[in-house]
Amino acid sequence: MSGGVFMLVAARDLRLAGRRRFEALLPVVFFIVAASLFPLGVGPEPQVLRQIAPGVVWVCALLAAMLSLNTLFASDHQDGSLEQMLLSRHSTIMVAAGKALAHWLLTGLPLILAAPVLGVLFDMRASSILTMEAGLILGTPVLSLLGSIGAALTLGLRSGGVLILLLVLPLCIPVLIFGAGAVGSVDVGLSAAGHLSLLGALLLLALVAAPPAAAAALRISMS
Amino acid sequence: MSRSIRLFTFAAPSRFFALSGFLLPWLWLAAIGFALAGLYMGFFVAPTDATQGDSYRIIFVHVPAAWMSMVLYLVMAGWAVFGWAANARLASMVARALAPTGAMFTFLALWTGALWGKPTWGTWWVWDARLTSELILLFLYLGYMALVESIDDVRRADHAGALLALVGAINVPIIYFSVKWWNTLHQGATISMTAAPKMAATMLNAMLLMTIAFWAYSFAVVFMRTRAIVLERERQAQWVIDLAAREAKEVK
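So, how was this worked out
- Residues numbered from 1 in each chain as written.
- Chains lettered and ligands numbered in written order.
- Predicted model: local features only at pLDDT ≥ 70, side-chain atom pairs only at ≥ 80, totals over all residues.
- Helix = DSSP H or I, 4+ residues; strand = E, 2+ residues; numbered from the N terminus.
- Rg over C-alpha atoms; globule rule 2.2 N^0.38 Å.
- Buried ≥ 20, exposed ≤ 12 C-beta atoms within 10 Å, placed from the backbone.
- Contact = placed C-beta atoms within 7 Å.
- pLDDT = per-residue confidence, 0-100.
- Nonpolar A, V, L, I, M, F, W, Y, C, P; charged D, E, K, R; others polar.
- Axes fitted to C-alpha atoms, helices over the stretch in contact; angles between N-to-C directions.
- Parallel < 35°, antiparallel > 145°, perpendicular 65-115°, else oblique.
- Left-handed = near helix turned anticlockwise from the far one by under 90°.

A. Examining the overall build of chain A more closely. A tally of helices and strands in chain A yields ten helices and zero strands. When the helices and strands of chain A are placed in sequence order, the string is α-α-α-α-α-α-α-α-α-α. Taking 223 residues into account, the globule formula puts the C-alpha radius of gyration at 17 Å, and chain A, at 18 Å, falls close to it. Counting only C-alpha atoms and orienting by the principal axes, one finds that chain A spans roughly 55 × 35 × 30 Å. Looking at chain A as a whole, 52% of its 223 residues are labelled buried. The contacts in chain A between residues at least 6 apart in sequence include a share of 82% that link residues at least 24 apart.

Here you go:
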């Protein structure tokens, strides 16, 4: 039964996003625009661009994922449906996990699909782009899961938007390090397996620990 | 009072207020006394370092500050979570009072580290694992303070802060090891800070004295801040009203 509410919450968020299609595309548009600024800032030398590409892509993905966080629970909080979900007999943990899944499908997945385009813009090699994709597939769910804790903690606060960034960004640093590090090690001819394994470990840890934390944060914020 | 002191006797804000009021002058005395002794020993007794000259003397402030910054985060997280789990109001107040002191020590450690780095390595800042982790620790403190300050409801602020501090405390080792690994892969800093030369006994003693001074200072200032928070939150309570009336009478 609790698995059912997980899928229902995610499906509901996807349907809601489908009714506001352009809004749902905003994170990925931000991702591409922000990353395109870097060549203009640091200069168009392919050598430099290739070197900074993994870091730029990861930092922009991080910021894009954070930008859409404050809407994660906000509209449900305003119209009272979040309160009904918490009052229901379904597990709050599953509700929080479903929300995080919806956030990843709406933000993380488009970023993963758009990242190869940026890889080409930054003159990355095919092997580096593949590694970056693998890292993003493992890493972006962690961002959504950690972000759901921050979004639940800052529910309904005046300064919510900037506050989420301050709360969640420091916690995301390991993801950034291993995600960008995987591409960097491929670039110098080493195997990326170590970095990707650690990203996988972070994902498993976040999968187990983040939904209960987000659920507890929701209970704190709504009580 | 003839009642015996039990484990939770001083968890009552009024008794804590009385006890901390009694302890405060002694804590300040200890902080100032140990700091003077430590600074005297550090600056006048301890020998000049063979390789670093006199610039190394900043460690008598730097190292204890770095220790305090890390210990205080764990203490803060511990009290915050205890206050959340056991619904102990005073524990939550202490957690809140700890955050600014912890952030101050983190900043002090970074600042004195920069002052030490300039003459020793010729640069204010290197992206060394320890420096980077300390910087991230400062971000964690700032996040905690920003969160509890921006929630108006006291209970919610305490509990939300506790959850954040707990998540942060779990993350600190992960962040430390990822930064350490990132650093060794990048070969950023060429100077090894782990290869500390053997320290003279006077240097160690001066550092220990300064550590005791910083502990006493932390207790004193956290008690003062907690007392202010107690008065603010308990202003409806009879004992605070009585206290205010007594103070007003003394002023007259």
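B. Fine view of the overall build of chain B. The helix and strand inventory of chain B stands at seven helices and zero strands. Ordered by position in the sequence, the α and β elements of chain B form the string α-α-α-α-α-α-α. Sequence-distant contacts in chain B: of pairs separated by 6 or more residues, those separated by 24 or more amount to 78%.

C. Broad picture of the confidence of the model for chain B. Residue and element names in this part refer to chain B. Averaged over all residues, the pLDDT of chain B equals 85, while 89% of them reach at least 70. Ranking the elements of chain B by mean pLDDT puts helix α7 (residues 238-251) last, at 84, and helix α2 (residues 59-85) first, at 92. Note that residues 187-192 has pLDDT below 50 and, in this model, nine contacts with residues that lie over four places away or in other chains. Here the predicted complex scores 0.87 on pTM and 0.86 on ipTM.

D. Highlighting the interface of chain B and chain A. Across the boundary between the two partners, chain B contributes 22 residues, which contact 20 residues of chain A. Those elements that place two or more of their residues in the side of chain B that touches chain A are α4 (129-150) and α5 (154-186) of chain B. A per-element tally of the side of chain B that touches chain A places α5 of chain B first, with 13 residues. Each residue belonging to the side of chain B that touches chain A can be placed in one class, and the counts come to 16 nonpolar, five polar and one charged.

E. Looking closely at the packing of helix α3 (residues 46-67) of chain A against helix α7 (residues 126-153) of chain A. All names here are of chain A. Across the interface, α3 lies against α7 with an axial gap of 10 Å and an inter-helix angle of 30°. With respect to α7, the element α3 is oriented roughly parallel. Where α3 crosses over α7, the handedness of that crossing is right-handed. Contacts from Pro 54, Val 57, Ala 61, Leu 62, Ala 65 and Met 66 in α3 reach Met 132, Leu 136, Thr 140, Leu 143, Ser 144 and Gly 147 in α7. Split into classes, the residues belonging to the contact of α3 with α7 amount to nine nonpolar, three polar and no charged.

F. Region of the structure containing the environment of Leu 171 of chain A. Along the chain, Leu 171 of chain A turns up in the loop between α8 (160-168) and α9 (173-187). Here Leu 171 of chain A falls in the buried class, since 26 other C-beta atoms lie within 10 Å of it. Sequence-wise, Leu 171 of chain A and Leu 14 of chain A are 157 residues apart; in three dimensions their C-alpha atoms are separated by 27 Å. Setting aside its immediate chain neighbours within four residues, Leu 171 of chain A contacts Leu 146 of chain A together with Val 167 and Asn 171 of chain B.

G. Highlighting the packing of helix α2 (residues 21-42) of chain A against α3 of chain A. All names here are of chain A. α3 packs onto α2 with a crossing angle of 145° between their chain directions and a minimal axis gap of 9 Å. As α2 packs across α3, the resulting crossing turns out to be right-handed. Note on element contacts: α3 touches α2 through Val 48, Leu 49, Ile 52, Val 56, Val 57, Cys 60, Ala 61, Leu 63, Ala 64, Ala 65 and Leu 67, opposite Pro 27, Val 28, Phe 30, Phe 31, Ala 34, Ala 35, Phe 38, Pro 39 and Val 42. Class assignment for the residues of the contact of α2 with α3 results in 20 nonpolar, no polar and no charged.

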